[in-house]
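Each chain, letter by letter, is given below.
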Amino acid sequence: MSSIIQLLPDHVANQIAAGEVVQRPASVVKELLENAVDAKATDIKLIIKDAGKALVQVIDNGVGMSVTDARLCFERHATSKIRQAEDLFSLHTKGFRGEALASIAAIAHVEMKTKQDQEELGNHIVIEGSKFVSQEPAVLPKGTSFSVKNLFYNIPARRNFLKSETVELRHVIDEFQRVALAHPNIYFTMYHNGSEMFNLPQSNYRQRIVNIFSGKTNEKLVPVQEETEILSIQGFVGKPEFAKKNRGEQFFFVNDRYIKSGYLHHAVMNAYEGLLPNGAQPSYFLYLNVPPNTIDINIHPTKTEIKFDDEHALYSILRSAIKHSLGQFNVVPALDFDRDPNLDTPYEYQNKNAQYPTVQVDRSYNPFAEELPNKSFSGNAGNTSYKTSEKQQNWESLYVGLKQDTTEVESFSFENEEVTASLFDEKEEEQTIKRTYQIHKKYIVSPIKSGMVIMDQNRAHQRVLYEQFLTNMTVHQASSQQLLFPLQLHFSHNEMKLIAELQPSLENTGFVFEAIDDDAIHISGIPINTTESEVSLVLEHLISDLQDGIPESSFSQNDTIAKSMAKSLSVKTGTYLTEKEQENLVNNLFACKDPNVSPFQKPTFITMRVEDIDKRFAL
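On a predicted model such as this, the values are computed, not experimentally measured, just so you know. (Residues numbered from 1 in each chain as written. Predicted model: local features only at pLDDT ≥ 70, side-chain atom pairs only at ≥ 80, totals over all residues. Heavy atoms only, no water.)

1. Here's the deal with the overall build of the chain
Part 1 of the argument: Along its length, the chain carries 15 helices and 24 strands.
Part 2 of the argument: With 619 residues in all, the chain has 41% of them scored as buried.
Part 3 of the argument: Counting only contacts in the chain whose residues sit at least 6 apart along the sequence, the fraction spanning at least 24 positions is 67%.
Part 4 of the argument: Only carbon and sulfur atoms are counted for the fraction: they give 50% of the accessible area of the chain, which is about 37700 Å². (Helix = DSSP H or I, 4+ residues; strand = E, 2+ residues; numbered from the N terminus. Buried < 20%, exposed > 50% of the residue type's maximum accessible area, 1.4 Å probe, protein only. Contact = heavy atoms within 4.5 Å. Areas by Shrake-Rupley, 256 points an atom, 1.4 Å probe, with all protein chains shown as cover.)

Quick look at the structure:
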């Protein structure tokens, strides 16, 4: 039998490896930015077109590469970061596997320009699908420029799996922000389709956070600082009153590397215990420094997960540090144990016994007597008598001298006929029969001819609101209620751009925007079925839903907005409804075009026939 195992060609192996390293344009951005940081650059530019599908270019002023290194860097497992396996436990760089550039070159058109400071000429290399097209010297500035064009051009299936431009751009921005937050000492700029999105000069950690997430972020931050033998923590956490429903502003950095850790996130949430409403998520930007030999980075292809040597100690230290910061800056209510010395007992009175006061009662006192008897009160300090010599006047004397005018009462006549008319017609009121019942503040039961209908109040209200919003956005504009004082809400730069794009659709639902600034919106009118306190929550949910997957067509965009707002404003499980509210919800549901399912394709009600109930009782 012939042998069937064979070695894969390099270009095939590179394409397979690219499946782990490069999942979307944001993956290319991450790898190229980290390489620029490892090259000790102080100025890094990111230029993208069509959310990275057409172009991802990273320009840095780092150390550059020689002629040999420029050619060798595109080979698999070629790296300058480590020399032996033991170096994995003393890493001070972002990359170390040597797979990124080989994987990127296998699935895109790559153009690299690099030059070292001491060299007169640089190198210009062009690669298409792992094949070297050209390599020639060129006059270049110091540093390296990587251009990745037409991503997944030779793997059409992978390209079809990419999401819309808005979703892919959000992932690119996420990766850019993670690298920029970890290195505030580097000047970062980002351009998308020719327009500048971020301009982040060199600064400290707090200024870098504020530059990325708008100036309003500054007042939300509470500094965290802790130094121990096994862990050093610095960074910022958000005040509880600024907590949001989404987890957008939560960042962990270990040795200047962004990571995801559910275990450490639980430590942060534990520190906020009792301070946050249900479902709220705090913001945090925490920078952890640990000895490199106590962590293992090489457990995940994207290096976003880390294995710690002593997780329990990190958990306790992190929770305690955040609790201490929240208490130190008076974010949480604290007991004040500082006593006021003015309230202390004087020294000369400390050993003296208390003296009970003497009480004397005048049992002969009569408040209704015409003449009050003399009273004498005696005290310990001496006898003092108080006498009343003036005679009290009778109460009749108060009316002496008033004019005595009398009128004959008999001269007046009064109507003495009995009033027999009634304000209401004497008809027997029809007894109203209760048609709906609420069970466990969750379901509404209504009888029908064949049996009964059991309705989920949350899903039913979602369907009603969804069709209302969709009608308002596509057919006619909804009415809105004006606010006495305009409502001011603050969002990040990316969220503000999304709100500006969605402004026409939101105005059709009932929102009235007075002004839209760089980091705040001013709302003077809201939909009629929305309260002022719900506006911020509705917009946060809407932005989160749209960033996760906004469709391309405008009608689908309106559909997504209507679904998100219906989900946010619908009656929640556990809400008590009056009889009229129950009947109104039932009637509105069956007036919908599709009352059977919610906007998220879940059943809104079920019916039970009398025959089915009889079968249960075995009648």
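2. Regarding the sheet that holds strand β13 (residues 284–289)
Part 1 of the argument: Pairing in this open sheet of 5 strands is mixed, and the strands run β9-β10-β13-β11-β12 from one edge to the other. Bordering the open sheet on either side are β9 (221–227) and β12 (257–259), each of which pairs with just one other strand. If you compare each strand with its neighbour and ignore which way they point, the axes differ by 20° on average.
Part 2 of the argument: In terms of strand pairing, strand β10 (residues 232–238) meets β13 through 6 bridges, oriented antiparallel. Bridge pairing in β13 links Q234 to Y287.
Part 3 of the argument: Across the face of the sheet, helix α6 (residues 165–182) comes into contact with β11 (250–254), β12 and β13 while running at roughly 50° to β11. (Pairing = 2+ DSSP bridges. Axes fitted to C-alpha atoms, helices over the stretch in contact; angles between N-to-C directions.)

3. Examining the environment of E120
Part 1 of the argument: Checked against the element boundaries, E120 lands in the loop between β3 (109–115) and β4 (122–128).
Part 2 of the argument: Taking the C-alpha atoms as reference points, E120 and K142, separated by 22 residues in sequence, lie 9.7 Å from one another.

4. Overview of the pattern of salt bridges
Part 1 of the argument: Counting across every chain of the model gives 11 salt bridges.
Part 2 of the argument: Between D559 and K563 there is a salt bridge, with the nearest N and O atoms lying 3.5 Å from each other. Here the residue D559 and the residue K563 both occupy positions in helix α13 (residues 554–569), the gap between them amounting to 4 residues, near one helical turn.
Part 3 of the argument: Overlapping salt bridges bring together K30, E31 and E34 as one network. (Salt bridge = Lys/Arg side-chain N within 4 Å of Asp/Glu carboxyl O.)

5. Quick look at helix α10 (residues 457–474)
Part 1 of the argument: Here α10 spans 26 Å end to end across 18 residues, near enough to the 26 Å set by a 1.5 Å rise per residue.
Part 2 of the argument: Most of α10 is tucked away: 14 of the 18 residues are buried. (Expected span 1.5 Å × (residues − 1).)

6. Section: the sheet that holds strand β1 (residues 43–49)
Picture the strands of a sheet paired through backbone hydrogen bonds; they go either parallel or antiparallel.
Part 1 of the argument: The 8 strands lie next to each other as β5-β4-β3-β6-β2-β1-β7-β8, forming an open sheet whose pairing is mixed. Across the chains shown, the open sheet's two edge strands, defined by having one partner strand only, are β5 (131–138) and β8 (195–200). Each strand axis lies, on average, 10° off the axis of its neighbour in the sheet, ignoring direction.
Part 2 of the argument: Across 6 bridges, the pairing between β1 and strand β7 (residues 187–192) is parallel.

7. Observations regarding the packing of aromatic side chains
Part 1 of the argument: Across all of its chains, the model carries 16 aromatic pairs by this definition.
Part 2 of the argument: Cluster of aromatic residues (ring-pair linked, three or more members): Y205, F213, F251, F253, Y258, F285 and Y287.
Part 3 of the argument: Cation over ring: R71 sits above F132, and NZ or CZ is 3.7 Å from the ring centre.
Part 4 of the argument: For the cation-ring pair, K567 lies above F600, with the distance from its terminal atom to the ring centre recorded as 5.7 Å. (Phe/Tyr/Trp six-rings, centres within 6.5 Å; stacked < 30°, edge-to-face > 60°. Lys NZ or Arg CZ within 6 Å of the ring centre and 35° of its normal.)

8. Topic: helix α2 (residues 25–38)
Structurally, the α-helix is built with 3.6 residues per turn, so residues lying three or four positions apart point the same way.
Part 1 of the argument: The end-to-end C-alpha separation of α2 is 20 Å, in line with the 20 Å expected for 14 residues at 1.5 Å each.
Part 2 of the argument: By the criterion of burial, α2 is predominantly enclosed, with 13 of the 14 residues buried.
Part 3 of the argument: One or two steps after α2, the chain reaches K40, where phi turns positive at roughly 65°.

9. What about the packing of α2 against α6?
Part 1 of the argument: Where α2 contacts α6, the axes come no closer than 8 Å and their chain directions differ by 20°. Compared by their axis directions, α2 and α6 come out roughly parallel. Considering how the two elements wind past one another, α2 and α6 form a crossing that is right-handed. Residues P25, A26, V29, K30, L33 and V37 of α2 form the contact with α6, whose participating residues are E168, H171, V172, E175, F176 and V179.
Part 2 of the argument: Taken together, the residues of the contact of α2 with α6 break down into 8 nonpolar, 1 polar and 3 charged. (Parallel < 35°, antiparallel > 145°, perpendicular 65-115°, else oblique. Left-handed = near helix turned anticlockwise from the far one by under 90°. Nonpolar A, V, L, I, M, F, W, Y, C, P; charged D, E, K, R; others polar.)

10. Section: the side chain of E111
Part 1 of the argument: Within the fold, E111 resides in strand β3.
Part 2 of the argument: At a separation of 2.7 Å, a polar atom in the side chain of E111 contacts the side chain of H124. (Polar contact = N/O pair within 3.5 Å; in protein donor to acceptor, adjacent residues only side chain to side chain.)

11. Observations concerning the pairing of β1
Remark: a regular strand shows side chains that alternate across the two faces of the sheet.
Part 1 of the argument: Judged by which residues are buried, β1 turns out to be one-sided: I44, L46 and I48 face inward and are buried, whereas D43, K45, I47 and K49, on the alternate face, are not.
Part 2 of the argument: Sheet topology places β1 next to strand β2 (residues 55–60); 6 bridges connect them, and they run antiparallel. Residue pairing across strands places K49 opposite L55, the latter belonging to β2.
Part 3 of the argument: What sits between the antiparallel neighbours β1 and β2 is a turn of 5 residues, in which D50 has the positive phi angle 55°.

12. Considerations on the nonpolar core
One broad rule of soluble globular proteins: the nonpolar side chains tend to lie buried together.
Part 1 of the argument: Counting residues in each nonpolar core, the largest one holds 61 residues, and the members touching the most others are L32, I44, L46, F74, L181, F188 and M190.
Part 2 of the argument: Considering every element that reaches this core, the biggest residue donor is α6, with 8 residues.
Part 3 of the argument: Ignoring sequence-local partners within four residues, the contact set of L32 consists of V56, V58, L101, I104, F146 and V148. (Core = buried A, V, L, I, M, F, W, Y, C linked by side-chain atoms within 4.5 Å.)

13. Overview of unusual backbone geometry
Part 1 of the argument: Positive phi, normally seen in glycine, also occurs at A51, with a value near 60°.
Part 2 of the argument: Relative to the helices and strands, A51 is located in the loop between β1 and β2.
Part 3 of the argument: When its relative accessible area of 0% is taken as the criterion, A51 is described as buried.
Part 4 of the argument: Of note in this structure, Q601 is not a glycine but carries a positive phi near 60°.

14. Digging into the environment of V222
Part 1 of the argument: Following the sequence through the fold, V222 ends up in strand β9.
Part 2 of the argument: V222 sits 106 residues away from Q328 along the chain, and the two C-alpha atoms are 9.6 Å apart.

15. Thoughts on the packing of α10 against helix α11 (residues 493–509)
Part 1 of the argument: Interhelical geometry of α10 versus α11 gives an angle of 120° and a closest axis separation of 8 Å. Of the two elements, α10 crosses α11, and the hand of that crossing is right-handed. Along the contact surface, α10 presents F469, N472 and M473, while α11 presents S505, N508 and T509.
Part 2 of the argument: Classifying every residue of the contact of α10 with α11 by side-chain character gives 2 nonpolar, 4 polar and no charged.

Purely spatial values, then, with no claim about function.
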